[in-house]
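Reading the structure
Take a look at the letters that make up each chain.
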Amino acid sequence: FLETAAYFCMKPKMGEKEVSPHSFFSIWHEFSSDFKEFWKKENKLILQERVKEAEEVCRQKKGKSLYNIRPKHDSGIVSKKYSYA
């Protein structure tokens, strides 16, 4: 624990010799809860952006026809039969 507190540059409060777990984890708890709230908000924004992009792609695909209609060309036996008549 003391190595971890030293890594994060925690200093003991006035009148204490060492960093107490209570003081360290109270600060850590505040940080982690703030980070968790920010993370949730950011994920929600990213999800909304992706939904908008997906809706736009769907709109674009609906605007374009999914198949092409080609004009019918007269070919084959039937067209040859009627061309000589």
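The sections below set out a description of the structure shown in this document. Values in this document were obtained by computation on a predicted structure and should not be read as measured data. (Residues numbered from 1 in each chain as written. Predicted model: local features only at pLDDT ≥ 70, side-chain atom pairs only at ≥ 80, totals over all residues. Heavy atoms only, no water.)

To continue, consider the pattern of salt bridges. Applying the stated criterion across every chain, the model contains 2 salt bridges. Ionic pairing is found between Arg59 and Glu55, a salt bridge with its closest N-O pair at 4.0 Å. With a gap of 4 residues between them, Arg59 and Glu55 both fall in helix H2 (residues 21-63), about one helical turn apart. Measuring nitrogen to oxygen at the nearest pair gives 3.3 Å for the salt bridge that ties Glu56 to Arg59. Of the two residues, Glu56 and Arg59 both sit in helix H2, 3 residues apart, roughly one turn of that helix. Note on Glu56: relative accessible area 37%, which makes it partly exposed. Connected through shared salt-bridge partners, Glu55, Glu56 and Arg59 make up one network. (Salt bridge = Lys/Arg side-chain N within 4 Å of Asp/Glu carboxyl O. Helix = DSSP H or I, 4+ residues; strand = E, 2+ residues; numbered from the N terminus. Buried < 20%, exposed > 50% of the residue type's maximum accessible area, 1.4 Å probe, protein only.)

On to the environment of Val19, then. Of note, Val19 is situated in the loop between helix H1 (2-7) and H2. Among the residues examined, Val19 registers a relative accessible area of 10% and is labelled buried. With sequence-adjacent residues up to four places away left out, Val19 is seen in contact with Phe1, Leu2, Ala5, Met10, Lys11, Pro12 and Phe24. (Contact = heavy atoms within 4.5 Å.)

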